[in-house]
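Summary of the model geometry
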Amino acid sequence: MPLLFDNAAQVVTCAGPPRARRGNEMGGLEVLTGAAVVTEGDRIVAVGPRDTVRAAHPGAAVVDCGGRVLMPGLVDSHTHGIFGKPRHEEQELRAAGVGYMEIAKRGGGIHSSVRDLRARSEDDLFALALPRLRRLAAHGTTTVEVKSGYGLTPDDEIKSLRVIRRLQQALPLRLVPTFLGAHEIPVEYRAAPRTREEYIALIVEDMLPRVAAEGLAAFADIFCEPGVYTTDEARVILGAARRHGLQLKLHADELETAGAAELAAELGAVSADHLAAVSEGGIKALAAGQTVATLLPGTMLFLGRPRQAPARTLIDAGAAVALATDFNPGTSPTVNFPLVLTLAVSQLRLRVSEAVLAATVNGAAALGLAAETGQVAPGYSADLALFDIEDVRELPYWYGDQRCHATWVRGVPAHGA
Ligand code: NIG
Ligand code: FE
């Protein structure tokens, strides 16, 4: 039966072309008052003035929005949602002056999550991830990209990706799986007798073919950063990933400038993520190309680093900016996407309209889904979030709160509803 969403204080449609919004376009957010929305099955079929819409759908069941704000479900295009134990001890170490890369050199950081994940079964990882993804959903997120990357052996990476596949079946959320076998060079390949070249060959010759054969990932990603993978290594790994039919993402210029944003644009990657240390050349390359600049301000906040990505410069140069949580146990253990919008406005100096489009339309574009989700418009998937606010500007305002009242994914009640 069709559902008629009535009595919303605002319907924030994000309507527009089915592609990333860039530069000035990010300022153009459509907010309707006195509007209603109709969904039928998994699709949005009507958006418009409530009297017209009601008259055209007399048989629809009414969902009373109760004077709240109805908008597209948030699209979180960057998470590392498959991990075991939390890493709270590292937070105190950083407070005492030990940096993120120094912790990694001592065998902590990603290596610590890798040791932990390898020791866990698929069932165990599934049981840990399920409530974590539900918490993401409870903040208004309806689409979540989830990366592997704490396995770093063929079997442990496949195990992680299979957990994502099971979660997709168990949860009313749209999940997008990403293979991140190139998250780190595992410790056993960092010293003789094994070499990093051998690990890269393992990714290219063993992991990628298996991931592709099982259809376990839509994207391949790499941590392209001084001290982790070089841009030359990224070329090799991402080139192989593309030959296996995967779309590309990069952790680019997160902590230090390395030309990773330029590489992402050159390779036509769907997104370049982090960018706190992007160069001027990288900004120009992203502004000129199609690659979405995905910014993760929660990460820099949690790491206690003073430098955030140059969001204003990116947008003013004409780039398409997306926002995401980077939910992971090391650098961003938050499930609260609206909090990331707060940081986007207060730290990255985005306008609210820019932040909202960055978390919906541009998040979807960063997953190749801009024609499927991220807009309240006819033909789009019925992925909706209802927030307990009267004006969309309250979304980043009540920071740290949990204002999501309900969500629907493909027309099916997900959180709350
Ligand atoms: O996006 N930078 C690489 N990956 C994650 C952190 C992973 C971790 O520390 O566990 C990130 O920040
Ligand atoms: Fe990340």
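Keep in mind the model is a prediction, meaning the values are calculated, not measured.

1. Re the nonpolar core
- Within the largest apolar cluster, 106 residues are counted, with the highest numbers of intra-cluster contacts made by Leu-167, Tyr-229, Leu-275 and Leu-323.
- Here this core takes eight residues from helix H7 (residues 196-213), the largest share from any one element.
- Taken domain by domain, this core gets at least three of its residues from each of domain 1 (3-73 + 374-415) and domain 2 (75-365).
- Setting aside anything within four residues of it in sequence, one finds Leu-167 in contact with Ile-82, Phe-126, Ala-129, Leu-130, Leu-133 and Leu-175.
- Formed by 17 residues, the second largest nonpolar core is a distinct cluster that contains Val-11, Val-63, Tyr-380 and Leu-386.

2. Focus: the environment of Val-98
- Checked against the element boundaries, Val-98 lands in the loop between helix H2 (88-95) and helix H3 (100-105).
- When its relative accessible area of 12% is taken as the criterion, Val-98 is described as buried.
- With 228 residues separating them in the primary sequence, Val-98 and Asp-326 have C-alpha atoms 21 Å apart.
- Setting aside chain neighbours within four positions, we find Val-98 in contact with Leu-93, Ile-103 and Arg-106.

3. Remarks on the site of ligand 1
- Near ligand 1, the surroundings consist of 16 residues, among which Tyr-100, Tyr-150, Glu-254, His-274 and Thr-331 are the closest.
- The side chain of His-251 places a nitrogen or oxygen atom 3.1 Å from an oxygen atom of ligand 1.
- Summarising the interface, the protein chains cover 100% of the accessible area of ligand 1, which totals 330 Å² for the free molecule.
- Among the residues forming the shell around ligand 1, the class breakdown is four nonpolar, nine polar and three charged.

4. A few points about the packing of helix H5 (residues 122-137) against helix H6 (residues 154-170)
- Running from amino to carboxyl end, H5 crosses H6 at an angle of 50°, the nearest separation of the two axes being 9 Å. With respect to each other, H5 and H6 are oriented oblique. Handedness of the crossing formed by H5 with H6: right-handed. Residues Glu-122, Asp-123, Leu-125, Phe-126, Ala-129, Leu-130 and Leu-133 of H5 pack against Lys-159, Arg-162, Val-163, Arg-166, Leu-167 and Ala-170 of H6.

5. Overview of the sheet that holds strand E16 (residues 384-387)
- Read across the open sheet, the six strands follow the order E3-E2-E7-E16-E17-E18; overall the sheet is mixed. Sheet topology places strand E3 (31-32) and strand E18 (412-413) at the edges, where each strand pairs with a single neighbour.
- Relative to strand E7 (residues 69-72), strand E2 (residues 10-12) runs parallel, the two sharing two bridges. Bridge assignment links Val-11 to a residue of E7, and that residue is Leu-70.

6. Describing the coordination of the iron ion (ligand 2)
- The coordination sphere of the iron ion (ligand 2), as far as protein atoms go, consists of His-78 (NE2), His-80 (NE2), His-251 (NE2) and Asp-326 (OD), spread over 2.1 to 2.4 Å.
- Of note, the iron ion (ligand 2) draws all its donor residues from one chain, in the sequence arrangement H-x1-H-x170-H-x74-D. Linking His-80 in the loop between strand E8 (74-76) and H2 with His-251 in strand E12 (residues 247-252), this pair joins segments that are 171 residues apart in sequence.

7. With respect to unusual backbone geometry
- The omega torsion across Ala-192 and Pro-193 is 10°, close enough to zero to call that bond cis.
- Among the secondary structure elements, Pro-193 is positioned in the loop between strand E10 (174-182) and H7.
- A positive phi angle is found at Arg-410, which is not glycine, with a value near 50°.

8. Re the pairing of strand E13 (residues 271-274)
- Here E12 pairs with E13 via four bridges, running parallel. In the strand pairing of E13, His-251 is matched with Asp-273.
- Once the chain exits E12 it traverses helix H9 (residues 260-267) before rejoining the sheet at E13, and the crossover so formed is right-handed.
- Alignment of E13 against strand E14 (residues 292-295), held across three bridges, turns out to be parallel. Residue pairing for E14: Ser-271 is matched across the bridge by Val-292.
- Once the chain exits E13 it traverses helix H10 (residues 280-288) before rejoining the sheet at E14, and the crossover so formed is right-handed.

9. Digging into the environment of Pro-338
- Mapped onto the elements of the fold, Pro-338 is located in helix H13 (residues 337-346).
- C-alpha of Pro-338 to C-alpha of Trp-398: the two residues are 60 residues apart in sequence and 8.9 Å apart in space.
- Apart from residues no more than four positions distant in its own chain, Pro-338 is found in contact with Leu-74, His-139, Phe-387, Leu-395 and Pro-396.

10. Some remarks on the domain arrangement of the chain
- When its domains are assigned, the chain resolves into domain 1 (3-73 + 374-415) and domain 2 (75-365).
- Taking only C-alpha atoms, the centre of domain 1 and the centre of domain 2 are 29 Å apart.
- Summed over both partners, the interface of domain 1 with domain 2 comes to about 2800 Å²; 65% of that surface belongs to carbon and sulfur atoms.
- On the domain 1 side of the interface with domain 2, the three residues burying the most area are Arg-22, Met-26 and Pro-396, jointly 25% of the side's total.
- For the interface between domain 1 and domain 2, the tally reads one salt bridge.
- In this structure, the salt-bridge partner of Arg-174 is Asp-383, at a minimum N-O distance of 2.5 Å.
- Our count for the domain 1 to domain 2 interface comes out at 13 residue pairs in polar contact (both at pLDDT 80 or more).
- Of all the secondary structure elements, the ones that give two or more residues to the side of domain 1 that touches domain 2 are E7, E16 and strand E17 (404-409).
- No other element matches the four residues that E17 contributes to the side of domain 1 that touches domain 2.

11. Considering the state of the cysteines
- Applying the stated criterion to the full structure yields zero disulfides.
- Free cysteine: Cys-14, not disulfide-bonded; nearest cysteine sulfur from Cys-404 at 15 Å.
- Given a relative accessible area of 1%, Cys-14 falls into the buried group.
- In this model Cys-65 remains outside any disulfide bridge; the closest cysteine sulfur is found in Cys-404, 12 Å from its own.

About the criteria used
Residues numbered from 1 in each chain as written. Chains lettered and ligands numbered in written order. Predicted model: local features only at pLDDT ≥ 70, side-chain atom pairs only at ≥ 80, totals over all residues. Heavy atoms only, no water. Core = buried A, V, L, I, M, F, W, Y, C linked by side-chain atoms within 4.5 Å. Buried < 20%, exposed > 50% of the residue type's maximum accessible area, 1.4 Å probe, protein only. Helix = DSSP H or I, 4+ residues; strand = E, 2+ residues; numbered from the N terminus. Domains from an automatic or database assignment. Contact = heavy atoms within 4.5 Å. Near = heavy atom within 4 Å. Polar contact = N/O pair within 3.5 Å; in protein donor to acceptor, adjacent residues only side chain to side chain. Areas by Shrake-Rupley, 256 points an atom, 1.4 Å probe, with all protein chains shown as cover. Nonpolar A, V, L, I, M, F, W, Y, C, P; charged D, E, K, R; others polar. Axes fitted to C-alpha atoms, helices over the stretch in contact; angles between N-to-C directions. Parallel < 35°, antiparallel > 145°, perpendicular 65-115°, else oblique. Left-handed = near helix turned anticlockwise from the far one by under 90°. Pairing = 2+ DSSP bridges. Donors = N, O, S within 2.8 Å, 3.2 Å for Na, K, Ca; no water. Right-handed = clockwise from strand over helix to strand, strands pointing away. Buried area = accessible area lost by both parts, 1.4 Å probe. Salt bridge = Lys/Arg side-chain N within 4 Å of Asp/Glu carboxyl O. Disulfide = S-S within 2.5 Å.

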